[in-house]
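Here's the letter readout for the chains.
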Amino acid sequence: MEKIEKRLFQLKQPNFPEEKSTDGFYFALANRLVEAADKSGIVKSWPAPLCGRVALCVIGYYQDVIADGGIWRGFVNEMRRLYGRTLPFYDIDSESYVDYELNPEDVRFLVWYAVAMQDDTRRFLNPLDPVVGRLASLWFDILEEAYEEAPEPEDYRMTHEMEMHALEDQETLMHLSQWVSSQCWLITPADSMTMQEIVSTADTKTDKGIKELQDKIHEALTSQPIGPLALYLREWMYLFVEDRMPPAPKSRGDEEKKEYPGYAPFLKATGGLPVKTFASYDELNTFLIDVLGWTPGERHLSQLEFDDDFVLMVEPEKGLLVAKNIARNLAIPGNSLYDPGYASRHAFELLTRRGVCPGDLLRYVCANGWLPDARFPGSDDTSLVASNWDFIARCYLELYYRGD
């Protein structure tokens, strides 16, 4: 068993680097979760540090609901606004579930989330995997037993009685936003893949490379979608502080929106459908020339010559987008390339592997039910993905799904 280091626990506290009087209780409880998991044998196949990372996520939730800190409240309320349900994947017992307090369903979700987002070998873990349920049940019993004696965590009520634009709250809001983006128990697991992508391409041998790495991390955490719902930091802050999304920016009424010239020809050629599939590059290139009026005799989008299985999508203002090597997964009307057997093995990748399918296309095909074979690996249940596809895409893809 590998215990959680005190510094790792402290880093996750809103008051870091200051230590509060209640921290000791929750640090000990987090290690109690790890010890119980180890003794149970439930996580014997996990790498040693993983159980601690998952426990820190669950303990953060526990501190938040005891203090009514607003983080879990905001997440649940936004889930209900987006999807009309409290949690992804799991049915809620309406008679026993208590809003914004300790619930077994919450712990179960957070165990899945913390594991899937923070361990590459378990990234596609099924939320219904028995290990998730067994560990969540074990930990819930421990947390429930300690619930009455648990002290209210200091500094976990930062969101209370604040307003986003109140001058007297700006310093506290700045501190809160820094914690939310970089250390918050709810947000950071989903950002693990983004951090890996940034660090893996960084040059840390020079001062310039280190500065560039720091700038990229800062941009990713403050200017790009983050967390399990792929919200921008500003959106998370409004959600946690005022329980609403920020007001939409005012559009300039005098701006004339121009329609992409190829939009009408595209729809005419497809009978009104804004998507079309192509088996080969030559078919794609011919369509670009004959239908969209691109220069005859050229090899357009030549970087795609050695790929196949294409999908084109057109939008009136954004124009044309192209995706490669995915058409066999899509049950688009008239798509002769659609292969249910292939799709049963690969369709899930469109929702979980970054860069495989553009976000606009993914939203369109899923909203129309054209990704019917997507399922968690090892499962025959397609309904779990069909009823949670938008959450799955937000959680796994973040910027690649919701980026502007």
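As a reminder, the structure under discussion sits directly above these lines.
From a predicted model like this one, the values you see are computed outputs, not experimental measurements. Numbering of residues starts from 1 in each chain and follows the order in which that chain's sequence is written. Where local features are concerned, this predicted model is filtered to residues with pLDDT of at least 70; where side-chain atom pairs are given and counted, the filter is 80 or more; whole-chain, interface and lining totals use all residues. Values shown for side chains rest on all heavy atoms present in the structure; no hydrogens or waters enter the calculation.

Draft legend 1. Structural detail: the layout of surface pockets. Space inside and on the surface of the protein is sampled on a 1 Å grid over the protein atoms alone, with a cavity defined as a set of points where a 1.4 Å probe fits but cannot get out and a pocket as an open set with protein on both sides within 12 Å along at least 5 of 7 lines; lining residues have an atom within 4 Å of a point. Grid points are joined across faces, edges and corners, and a volume is the space filled by probe spheres set on the points. Approximately 580 Å³ is the volume found for the largest pocket. What lines the largest pocket is a set of 25 residues, among which Leu8, Lys12, Arg53, Leu56 and Gln118 lie closest to the centre. Breaking the lining of the largest pocket down by element, the ones donating at least two residues are α1 (6–11), α3 (48–67), α7 (170–182) and α8 (192–200). In terms of residue count, the dominant contributor to the lining of the largest pocket is α3 (six residues). In this count, Pro and Cys sit with the nonpolar residues alongside Ala, Val, Leu, Ile, Met, Phe, Trp and Tyr, while Asp, Glu, Lys and Arg are called charged and the others, Gly among them, polar. Of the residues that constitute the lining of the largest pocket, the class distribution is 11 nonpolar, eight polar and six charged. By volume, the second largest pocket is sized at about 200 Å³. Think of it this way: any DSSP run of H or I at least four residues long counts as a helix, any run of E at least two long counts as a strand, and we number them from the N terminus.

Draft legend 2. Structural view of the packing of helix α4 (residues 71–83) against helix α16 (residues 389–397). Fitted lines through C-alpha atoms serve as axes, helices being fitted only where they are in contact, and the angles separating the N-to-C directions of these axes extend from 0 to 180 degrees. Relative to each other, α4 and α16 sit at 130°, their axes nearing to 11 Å. It follows that α4 is oblique to α16 by the angle criterion. Both α4 and α16 take part in a crossing whose hand is right-handed. From α4, Phe75, Met79, Leu82 and Tyr83 reach across to α16, where they touch Asp390, Phe391 and Arg394. Throughout, the term roughly parallel applies to angles under 35 degrees, roughly antiparallel to angles over 145, roughly perpendicular to angles from 65 to 115, and oblique to all others. By the definition used in this description, the sense in which the near helix is turned from the far one sets the handedness, with an anticlockwise turn below a right angle giving left-handed and a clockwise turn giving right-handed. We call two residues in contact whenever any of their non-hydrogen atoms come within 4.5 Å of each other.

Draft legend 3. Structural detail: the sheet that holds strand β1 (residues 275–278). Strand pairing is assigned whenever DSSP detects at least two bridges linking the two strands. Spatially, β1-β2-β3 is the arrangement adopted by the three strands of the open sheet, whose pairing is antiparallel. A strand with exactly one partner marks an edge of an open sheet, and here the two such strands are β1 and β3 (319–323). Strand-to-strand, the axes of this sheet are offset by a mean angle of 20°, without reference to chain direction. Its contacts with the sheet place helix α11 (residues 263–270) against β1, β2 (310–315) and β3, and it is angled at close to 125° to β2.

Draft legend 4. A look at the pattern of salt bridges. Salt bridges, as used here, are contacts in which a Lys or Arg side-chain nitrogen is within 4 Å of a carboxyl oxygen on Asp or Glu. Enumeration over the complete set of coordinates arrives at 21 salt bridges. A salt bridge links arginine 375 to aspartate 380, with the nearest nitrogen and oxygen atoms 4.0 Å apart. Here's how the labels work: a residue is buried when its accessible area is under 20% of the maximum for its type, exposed when over 50%, partly exposed in between, all with a 1.4 Å probe on protein chains only. Under the relative-accessibility criterion, arginine 375 is labelled buried at 16%. Ionic contacts of the salt-bridge type, sharing partners, join the residues Glu18, Lys20 and Asp155 into one network.

Draft legend 5. Inspection of the packing of aromatic side chains at higher detail. Planes of paired rings set the category: under 30 degrees apart is stacked, over 60 is edge-to-face and the rest tilted, where pairs are Phe, Tyr or Trp rings (Trp by its six-membered ring) whose centres lie within 6.5 Å. Counting across every chain of the model gives 27 aromatic pairs. Considering the side-chain rings of phenylalanine 89 and phenylalanine 376, the 6.0 Å spacing of their centres and the 75° angle between planes classify their relative orientation as edge-to-face. Here the residue phenylalanine 89 occupies a position in the loop between α4 and α5 (104–118), and phenylalanine 376 occupies one in the loop between α14 (359–367) and α15 (383–386), the gap between them amounting to 287 residues. Classification of phenylalanine 89 as buried rests on a relative accessible area of 6%. You can call phenylalanine 376 buried: its relative accessible area is 2%. Lying over the aromatic face of phenylalanine 27, lysine 6 brings its terminal NZ or CZ to 5.4 Å of the ring centre. Working rule: Lys NZ or Arg CZ, within 6 Å of ring centre, within 35 degrees of ring normal, means a charge sits over the ring. Taking NZ or CZ as reference, arginine 73 lies 4.0 Å from the ring centre of tyrosine 100, over its face.

Draft legend 6. Structural view of the environment of tryptophan 185. Relative to the helices and strands, tryptophan 185 resides in the loop between α7 and α8. C-alpha of tryptophan 185 to C-alpha of lysine 258: the two residues are 73 residues apart in sequence and 43 Å apart in space.

Draft legend 7. Just the environment of leucine 351, in detail. Note that leucine 351 resides in helix α13 (residues 340–352). With a relative accessible area of 0%, leucine 351 lands in the buried category. In the structure, leucine 351 is positioned 43 residues away from arginine 394 in sequence and 8.5 Å away in space, judged by C-alpha atoms. Setting aside its immediate chain neighbours within four residues, leucine 351 contacts Leu362, Cys366, Leu371, Ala374, Val385, Trp389, Ile392, Ala393, Tyr396 and Leu397.

Draft legend 8. Looking closely at the side chain of arginine 375. Note on placement: arginine 375 falls in the loop between α14 and α15. Polar contact criterion, stated in full: a pair of N or O atoms within 3.5 Å, where within protein one must be able to donate a hydrogen and the other to accept it, and residues adjacent in sequence count only if both atoms are side-chain atoms. Polar side-chain contacts of arginine 375 include one of 3.0 Å to the backbone oxygen of aspartate 373. Arginine 375 has contacts with Ser344, Phe348, Asp380, Asp381, Thr382 and Val385, leaving out every residue within four places of it along the chain.

Draft legend 9. Structural context of the packing of α7 against helix α10 (residues 233–242). With their axes 10 Å apart at the nearest point, α7 and α10 run at an angle of 115° to one another. For the element pair α7 and α10, the recorded crossing hand is right-handed. Between α7 and α10, the contacting residues are Leu173, Leu176, Ser177, Val180 and Ser181 on the first element and Leu233, Trp236, Met237, Phe240 and Val241 on the second. Of the residues assigned to the contact of α7 with α10, the class counts are eight nonpolar, two polar and no charged.

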